[in-house]
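Secondary and tertiary structure notes
Given next are the chains, with one letter for each unit.
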Amino acid sequence: MAREPGVAGTSRALVLNATFEPLGVVSTRRALLLVLGTKAELVHATARTFHSERMTFPEPSVVRLARYVRVPHDRQVAVNRRTVFARDGHHCQYCGSPAESIDHVMPRSRGGLHAWDNVVAACRRCNTRKEDHLPHEAGLVLRSQPAAPRQRVWLLAMSGGARDEWAPYLGEQSLTA
Ligand SMILES: [Zn+2]
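The following paragraphs examine the structure supplied in this document.

What counts as what
- Residues numbered from 1 in each chain as written.
- Predicted model: local features only at pLDDT ≥ 70, side-chain atom pairs only at ≥ 80, totals over all residues.
- Heavy atoms only, no water.
- Helix = DSSP H or I, 4+ residues; strand = E, 2+ residues; numbered from the N terminus.
- Contact = heavy atoms within 4.5 Å.
- Buried < 20%, exposed > 50% of the residue type's maximum accessible area, 1.4 Å probe, protein only.
- Pairing = 2+ DSSP bridges.
- Axes fitted to C-alpha atoms, helices over the stretch in contact; angles between N-to-C directions.

Residue position: lysine 130 is located in helix α3 (residues 124-130). In this view, lysine 130 contacts Tyr94, Asp103, His104, Val105, Pro107, Pro135, Ala138 and Leu140; residues no more than four positions away in its chain are not counted.

The next subject is the pairing of strand β4 (residues 56-65). Among the 10 residues that make up β4, seven are buried, leaving the element largely enclosed by the rest of the structure. Across three bridges, the pairing between strand β1 (residues 12-16) and β4 is parallel. Bridge pairing in β4 links leucine 14 to valine 62. Where strand β3 (residues 40-51) folds back onto β4 in an antiparallel hairpin, the turn is made up of four residues.

One open sheet accounts for four strands, arranged β2-β1-β4-β3; its pairing is mixed. The two strands at the open ends of the sheet, each matched to only one other strand, are β2 (22-27) and β3. The sheet shows a mean angle of 30 degrees between the axes of neighbouring strands, direction not considered. Judged from the five bridges that link them, β1 and β2 form a sheet pairing that is antiparallel. Opposite leucine 16, over in β2, you have proline 22 as the bridge partner. Running over the sheet, helix α1 (residues 28-36) touches β1, β2, β3 and β4 and is turned about 80 degrees from β4.

Interpretation in functional terms is not warranted from these geometric data alone.
Structure, rendered in structure tokens:
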């Protein structure tokens, strides 16, 4: 499976549950193995192909598992710069400028937690202005109340860039991010 222009290899595929709920993102090679092993069916393919010695396979973009997989409800997305920036569209949640850092709404020095409902993406200017204050004390207004993202897979996809054909399966959030 050599890599050439138009030859599959390094991109990613969306994995859907048997019920069409998005489950996660895997390499297209892994997705092809799921399809070849009859563990999943091909839903969408890219224009590229995998070549073996004798055969050509379409590179999967979306696959659907043949059997339903139960997903634990308590599965949490890690709170870090990458995931918070993805949730907040890479924009400062106070002024809308490009985000450069993470701000704790209730400052950590005042007992604020490093948790989804207390972190927002912020630009350096707003972060510096806010320091160890609450937003209103620094004259800042949050554009929206931070909350945990609803769909883990949306976050995974957004933090690395989702493909257009994934949008129908990821829900509205993928279109407004
Ligand atoms: Zn700002």
